[in-house]
Amino acid sequence: MPAVAVAPEILTKYEPVIGLEVHVQLLTATKAFCGCANRFGAEPNTNICPTCLGLPGALPVLNEKAVEFAALAALALNCEVRERSIFARKNYFYPDLPKGYQISQYDKPLAEHGWIEVPAANGEKKRIGITRQHMEEDAGKSLHEGFSDSAARTYLDLNRCGTPLVEIVSEPDIRTPDEAFEYLTRLKEILLYTGVSDCNMEEGSLRCDANVSVRRKGEERLGTKAEVKNVNSFKFIRAALAYEIERQVEVIESGGRVLQETRLWNADEGRTYSMRSKEQAHDYRYFPEPDLPPLIVTGEFLSETRKKLPELPETRRRRMIAEYDLSERDAHTLTASREFADSFEAAAKTARNPRRVANVLLSEIGGRLKALGLELDQSPVTMAGIVLATDLLDEGKISSKQMKQLLDESFERGEDFGAVYEREKPQQITDALAIEKLIDEVIAANPRQVEQYRAGKTTLAGFFVGQVMRATKGQANPALLNELVTKKLNG
Ligand SMILES: [Zn+2]
């Protein structure tokens, strides 16, 4: 079983130091330096041209939308965007990189000095620094399996060549696998809110490498780090880091030396394996890309981009907690995606009582979905249905018991609330005389409560309302019933 947390006795003696490098594919219509479609899942080698194949004489032209998305991400991550950044060639040989180099940025990246706040173990917030965010292009894909002769051959799909990426490099500020998990979760959430990427890890739109080392507590000097690659979920990254920290401490404790190397995570076995030692790694021989001028981001471009920044998740949560009287946890649920938060707020604005919309959504709808193992966006009851339900409740046209029954039916039949309500139109007793008769019976049957009420315990009105509601199986008009009970008891 993979380790999910580092043994506490290790952490009293050693301090892990973790830095993360995250590659994010930008959701542009076309590639970074040519007009080919940037789309996942197309037939292999159909979205390619001389430029992204690196054929002689073909020249790159920078995609402005990619710059806008990269700048938008940088601003959302609190980075300073450099006015003048430089594209550079990163040279290495690999079959899925037909040019023999990747266009990237080296010593003058697009953006630097950002941060993300994560919840820390002590309940406070902790700021994780972002060293840099640079632009680059992706390589193609080597397909090692799935063909009848895969044992002998490797196939290449070059559709991904030249897809625009940003690489976001954190400071080595992360101290535990949990902090790494939180950092990645927040980062993904922020990027999704900006809309610059779909962050789909299965399709490789978001990929993460982790650098991890350990040092004895109190020591300043960093230990030798290992780089963990090929991890395709945040949970696995957390597990891989926990495994790697324990492994490195064991090496040190047994008198050995941690090697600087790249290691791969094997999810089935729950451990990392040495892939190659860093000493043998390529020297990338970076030099400025001669076919592209310096990238100039003007103040005007930046301020236009800033206007496209949405309200970011954490800010939105703070506002919604105040506006809808939510708990921290409920605020997280409602803001899990920007689309969901938007649809909730658009609906709540049209309701008589927006807080009640939040309440019914979270408790009534959320509870029923949870029982079925479904997500909030899989509800048969739409936001409009919830608004209708809460408005009817608010106007006293249905009781909360009737609302619950109608919601039950919605879920049973997979129908929206409005359709069920139109068909069922629950019988309501709105005949004042009939209700008064029932109240009289309840009053006659409970003389002690009447006495207490008249002695000043006015909260007992709720008891009488409840008794009548029970007698009518929840069908008495609640507003009318409340009014009549008060009148009778005071009369
Ligand atoms: Zn192309």
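Keep in mind it's a predicted model, so treat the numbers as computed, not measured.

Caption draft 1: Layout of the pairing of strand 10 (residues 164-170). The buried count for strand 10 comes to seven of seven residues, which makes it a mostly enclosed element. Burial along strand 10 is two-sided: the face carrying Pro164, Val166, Ile168 and Ser170 and the face carrying Leu165, Glu167 and Val169 are both buried. Where strand 1 (residues 14-25) meets strand 10, five bridges bridge the pair, whose relative direction is antiparallel. Pairing of valine 22 across the sheet is with isoleucine 168, part of strand 10. Pairing between strand 7 (residues 125-137) and strand 10: seven bridges, direction antiparallel. Paired with methionine 135 across the two strands is valine 166, which belongs to strand 10.

Caption draft 2: Geometry of the coordination of the zinc ion. At the metal site, the zinc ion is ligated by Cys34 (SG), Cys36 (SG), Cys49 (SG) and Cys52 (SG), and these contacts range over 2.3 to 2.4 Å. Around the zinc ion sit four donor atoms, and with donor-metal-donor angles ranging over 100 to 113° the site reads as tetrahedral. Sequence positions of the residues that donate to the zinc ion give the spacing C-x1-C-x12-C-x2-C. In this structure, cysteine 49 and cysteine 52 share a single accessibility class: buried.

Caption draft 3: Seen up close, the packing of helix 14 (residues 432-445) against helix 17 (residues 478-490). Running from amino to carboxyl end, helix 14 crosses helix 17 at an angle of 50°, the nearest separation of the two axes being 10 Å. Of the possible angle classes, the one that applies to helix 14 and helix 17 is oblique. The element helix 14 and its partner helix 17 pack so that their crossing is right-handed. Listed contacts from helix 17 to Ala432, Ile435, Glu436, Ile439, Asp440 and Ile443 of helix 14 are Leu480, Leu481, Leu484, Val485, Lys487, Lys488 and Leu489. Of the residues assigned to the contact of helix 14 with helix 17, the class counts are nine nonpolar, no polar and four charged.

Caption draft 4: Up close: the pattern of salt bridges. Applying the stated criterion to the full structure yields 53 salt bridges. As a salt-bridge pair, glutamate 345 and arginine 316 come within 2.8 Å of each other at their nearest N and O atoms. With glutamate 345 in helix 9 (residues 338-350) and arginine 316 in helix 7 (residues 313-324), the pair connects residues that are 29 residues apart, well separated along the chain. Of the two residues, glutamate 345 and arginine 316, both sit in the buried class. Here glutamate 409 and arginine 413 are joined by a salt bridge, their closest N and O atoms 3.1 Å apart. In this pair, glutamate 409 and arginine 413 are both assigned in helix 12 (residues 400-413), four residues apart and thus about one turn of the helix distant.

Caption draft 5: Looking closely at the packing of aromatic side chains. The final tally for this structure, using the stated rule, is nine aromatic pairs. Look at tyrosine 92 and tyrosine 284: their rings are 5.9 Å apart centre to centre, the planes differ by 70°, and that puts the pair in the edge-to-face class. Taken together, the positions of tyrosine 92 in the loop between strand 4 (87-91) and strand 5 (101-105) and tyrosine 284 in the loop between strand 14 (271-277) and strand 15 (287-288) put the pair 192 residues apart, joining distant regions of the chain. Taking the relative accessible area as the measure of exposure, tyrosine 284 reaches 28% and is therefore partly exposed. Every member of this aromatic cluster is reached through a ring pair, and the members are Tyr92, Tyr106, Tyr284 and Tyr286. Of note, arginine 127 hangs over the ring of tryptophan 115, and the distance from its end group to the ring centre comes to 3.5 Å. For the cation-ring pair, arginine 238 lies above phenylalanine 181, with the distance from its terminal atom to the ring centre recorded as 4.0 Å.

Caption draft 6: Broad picture of the environment of leucine 20. Examined against the element boundaries, leucine 20 turns out to sit in strand 1. Residue classification places leucine 20 among the buried residues on the basis of a relative accessible area of 0%. The spacing of leucine 20 and isoleucine 174 is 154 residues in sequence and 8.5 Å in space, taken between C-alpha atoms. In this view, leucine 20 contacts Ile168, Val169, Ser170, Ile174, Ala180, Tyr183, Leu184, Cys208, Asp209 and Ala210; residues no more than four positions away in its chain are not counted.

Caption draft 7: Looking closely at the sheet that holds strand 15. With antiparallel pairing, the three strands of this open sheet are ordered in space as 5-4-15. Here the strands that pair on one side only, and so sit at the sheet edges, are strand 5 and strand 15. Taken together, the five bridges between strand 4 and strand 5 define a ladder with antiparallel strand orientation. Note that in strand 5 the partner of phenylalanine 87 across the bridge is glutamine 105.

Caption draft 8: Fine view of the environment of glycine 204. When you line up the elements, glycine 204 lands in the loop between helix 4 (177-194) and strand 11 (206-216). When its relative accessible area of 12% is taken as the criterion, glycine 204 is described as buried. For the pair glycine 204 and methionine 135, spaced 69 residues apart in the sequence, the C-alpha separation amounts to 17 Å.

Caption draft 9: Structural detail: the nonpolar core. With 70 residues, the main nonpolar core has Leu20, Met135, Ile168 and Tyr183 as its most contacted residues. Ranked by residues supplied to this core, first place goes to helix 3 (residues 64-76) with 10 residues. Of all hydrophobic cores here, the second largest spans 33 residues; its members include Ala347, Val357, Leu376 and Met383.

Caption draft 10: A look at helix 11 (residues 383-394). With 12 residues, helix 11 extends 16 Å from end C-alpha to end C-alpha; this agrees with the ideal 16 Å at 1.5 Å per step. Taken across its 12 residues, helix 11 has nine buried, putting it largely inside the fold. Of all the residues in helix 11, the buried ones are Met383, Gly385, Ile386, Val387, Ala389, Thr390, Asp391, Leu392 and Leu393. On its buried side, helix 11 packs onto helix 9, helix 10 (354-372), helix 12 and helix 13 (417-424). In the segment just after helix 11, glycine 396 is the residue with positive phi, at about 75°.

Conventions and cut-offs
- Residues numbered from 1 in each chain as written.
- Predicted model: local features only at pLDDT ≥ 70, side-chain atom pairs only at ≥ 80, totals over all residues.
- Heavy atoms only, no water.
- Buried < 20%, exposed > 50% of the residue type's maximum accessible area, 1.4 Å probe, protein only.
- Helix = DSSP H or I, 4+ residues; strand = E, 2+ residues; numbered from the N terminus.
- Pairing = 2+ DSSP bridges.
- Donors = N, O, S within 2.8 Å, 3.2 Å for Na, K, Ca; no water.
- Tetrahedral: all angles 85-135°; square planar, octahedral: opposite > 155°, others 65-115°.
- Axes fitted to C-alpha atoms, helices over the stretch in contact; angles between N-to-C directions.
- Parallel < 35°, antiparallel > 145°, perpendicular 65-115°, else oblique.
- Left-handed = near helix turned anticlockwise from the far one by under 90°.
- Contact = heavy atoms within 4.5 Å.
- Nonpolar A, V, L, I, M, F, W, Y, C, P; charged D, E, K, R; others polar.
- Salt bridge = Lys/Arg side-chain N within 4 Å of Asp/Glu carboxyl O.
- Phe/Tyr/Trp six-rings, centres within 6.5 Å; stacked < 30°, edge-to-face > 60°.
- Lys NZ or Arg CZ within 6 Å of the ring centre and 35° of its normal.
- Core = buried A, V, L, I, M, F, W, Y, C linked by side-chain atoms within 4.5 Å.
- Expected span 1.5 Å × (residues − 1).

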